[in-house]
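# Examining the three-dimensional arrangement
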Amino acid sequence: RRDMAGAEDLVHDMQRAGLRPDARVFSSLIRGHAEDGNLEAAERHMEEMSRHGFQPTKYEYTLLLKACSNARPPKTESAERVFRQMRASGLQPSREVRRQLWTIVGQERYEELQDGDLLGDAQATELVQSGSSRNGTWGWNPGRVQPKRPPSRPGSVANR
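Residues numbered from 1 in each chain as written. Predicted model: local features only at pLDDT ≥ 70, side-chain atom pairs only at ≥ 80, totals over all residues. Heavy atoms only, no water.

## Here's the deal with the packing of aromatic side chains
Within the structure shown, the criterion is met by 2 aromatic pairs. Seen in terms of ring centroids, F26 and F54 are 6.2 Å apart; in terms of plane orientation they differ by 50°. Their pairing is tilted. Here F26 is found in helix α2 (residues 23–35), whereas its partner F54 is found in the loop between α3 (39–51) and α4 (58–70), with 28 residues between them in sequence. On the accessibility criterion, F54 (22% relative accessible area) is partly exposed. (Phe/Tyr/Trp six-rings, centres within 6.5 Å; stacked < 30°, edge-to-face > 60°. Helix = DSSP H or I, 4+ residues; strand = E, 2+ residues; numbered from the N terminus. Buried < 20%, exposed > 50% of the residue type's maximum accessible area, 1.4 Å probe, protein only.)

Rendered as structure tokens:
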């Protein structure tokens, strides 16, 4: 188990010494609380991150969804709220964000959200349609990922 109280104390000590935490510090605090399922603390640090002038990214929103998933019991309504906040901030949800939401709320609710246009685009449909039933549970099947070719070097055979 992480010592999140100790991590927070360290950040406060840094601030008292005149050091300003950067986005990585806030992301680390959010991640630690997310892994513990402590959504309230993770959201508190995300708000603090914004107050310090750092714009949360998809990564931080994914961490908040992870906090919803790791909470006991999982926080399905909070996950929907976090997803809406992300969309309202102008960020487009990645497949990972959509997968995380689908895992938390379940296929039926995910489809309801899709029908209500919360999810917004074709990727949302692709996510649900790519699931496969195994013993009554749904899995994530992202399809085949194409490997990227390494860039060719000047003078190599590929550039001739």
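Okay, back to it.
## Some words on unusual backbone geometry
Cis geometry is adopted by the peptide bond preceding P73, which originates at R72 and carries an omega value of 0°. Here P73 lies in the loop between α4 and α5 (76–88).

## A few points about the nonpolar core
By size, the foremost hydrophobic cluster in this structure holds 26 residues, and its most contacted members are I30, L64, L101 and L119. For this core, the elements supplying multiple residues, two or more each, are α2, α3, α4, α5 and α6 (95–115). With 7 residues, the top contributor of residues to this core is α6. Setting aside residues no more than four positions away along its own chain, I30 makes contact with A42, H45, M46, M49, E60, L63 and L64. (Core = buried A, V, L, I, M, F, W, Y, C linked by side-chain atoms within 4.5 Å. Contact = heavy atoms within 4.5 Å.)

## Some thoughts on α5
Over its 13 residues, α5 extends 19 Å from the first C-alpha to the last, a length consistent with the 18 Å expected when each residue adds 1.5 Å. Those residues of α5 that sit buried are S78, A79, E80, V82, F83 and M86. Of the surrounding elements, those touching the buried residues of α5 are α3, α4 and α6. G90, located one to two residues past α5, shows a positive phi value of around 95°. (Expected span 1.5 Å × (residues − 1).)

## Here we look at the packing of α4 against α6
Interaxial distance between α4 and α6 falls to 10 Å at its minimum, and their mutual angle equals 15°. Taken together, α4 and α6 sit at an angle that is classed as roughly parallel. Once α4 is placed against α6, the crossing between them reads as left-handed. Where α4 abuts α6, its residues K58, T62, L65, K66, C68 and S69 lie against E96, V97, Q100, L101 and I104. For the contact of α4 with α6, the residue count by class is 5 nonpolar, 3 polar and 3 charged. (Axes fitted to C-alpha atoms, helices over the stretch in contact; angles between N-to-C directions. Parallel < 35°, antiparallel > 145°, perpendicular 65-115°, else oblique. Left-handed = near helix turned anticlockwise from the far one by under 90°. Nonpolar A, V, L, I, M, F, W, Y, C, P; charged D, E, K, R; others polar.)

## What to know about the pattern of salt bridges
Opposite charge on two side chains allows them to pair when their charged atoms are near. Throughout the structure, instances matching the rule amount to 12 salt bridges. E35 is the partner of R2 in a salt bridge, and the nearest nitrogen-oxygen pair spans 3.4 Å. On the criterion of sequence distance, the pair formed by R2 in the segment before α1 (4–16) and E35 in helix α2 is long-range, its members being 33 residues apart. Taking the relative accessible area as the measure of exposure, E35 reaches 30% and is therefore partly exposed. (Salt bridge = Lys/Arg side-chain N within 4 Å of Asp/Glu carboxyl O.)

## Some points on the packing of α5 against α6
It is the contact of α5 with α6, at a shortest axis distance of 10 Å, that shows an interaxial angle of 105°. Here α5 is positioned roughly perpendicular relative to α6, judged by the angle of their axes. Across the interface between the two elements, T76, A79, E80, F83, R84 and M86 of α5 pack against V97, R98, L101, I104, V105, R109 and L113 of α6. Of the residues contributing to the contact of α5 with α6, the split by class is 8 nonpolar, 1 polar and 4 charged.

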